[in-house]
Amino acid sequence: VTSPRAIAEPSACRHCDLPCHGHARQWTQAAGLHPWTAPTDQQILARMQARRAARTTPTAIT
Ligand SMILES: [Zn+2]
């Protein structure tokens, strides 16, 4: 990971932002121990927009 706040893949887990591959079982305070879970359409859209924004703004937002 190169940036302190990496943007999750659009298809990353709904609960913990990890991609499907290599997820296995993860624990979060909100979801507890869980397998990879498909993100909501809203999450996918938000992540795609965040990735696009990150690409088009090379300098840090102040
Ligand atoms: Zn997860």
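Structure: see above.
Student: Would you mind showing me how to read the overall build of the protein chain here?
Tutor: When you go through the protein chain residue by residue, the secondary structure sums to one helix and two strands. Counting over 62 residues, the protein chain shows a buried share of 16%. Of the roughly 5000 Å² of accessible surface on the protein chain, a fraction of 57% belongs to carbon and sulfur atoms.

Student: What is the right way to read the coordination of the zinc ion from this model?
Tutor: Reference values for coordination geometry: four tetrahedral donors around a metal ideally subtend 109.5 degrees, six octahedral donors ideally subtend 90 or 180 degrees. Bound to the zinc ion are the protein donor atoms Cys13 (SG), Cys16 (SG), His23 (NE2) and His34 (NE2), situated 2.0 to 2.3 Å from the metal. Metal-centred angles of 98 to 116° between the four donor atoms at the zinc ion mark the site as tetrahedral. All donors of the zinc ion come from a single chain, and their spacing in sequence reads C-x2-C-x6-H-x10-H.

Student: Where do I start with the side chain of His23 in this structure?
Tutor: Its place among the elements puts His23 in the segment before β1 (26-28). With a relative accessible area of 0%, His23 lands in the buried category. At 3.4 Å, the side chain of His23 and the backbone nitrogen of Trp36 are in polar contact. Setting aside anything within four residues of it in sequence, one finds His23 in contact with Cys13, Cys16, Leu18, His34, Pro35 and Trp36.

Each value, and the rule that gives it
- Residues numbered from 1 in each chain as written.
- Predicted model: local features only at pLDDT ≥ 70, side-chain atom pairs only at ≥ 80, totals over all residues.
- Heavy atoms only, no water.
- Helix = DSSP H or I, 4+ residues; strand = E, 2+ residues; numbered from the N terminus.
- Buried < 20%, exposed > 50% of the residue type's maximum accessible area, 1.4 Å probe, protein only.
- Areas by Shrake-Rupley, 256 points an atom, 1.4 Å probe, with all protein chains shown as cover.
- Donors = N, O, S within 2.8 Å, 3.2 Å for Na, K, Ca; no water.
- Tetrahedral: all angles 85-135°; square planar, octahedral: opposite > 155°, others 65-115°.
- Polar contact = N/O pair within 3.5 Å; in protein donor to acceptor, adjacent residues only side chain to side chain.
- Contact = heavy atoms within 4.5 Å.

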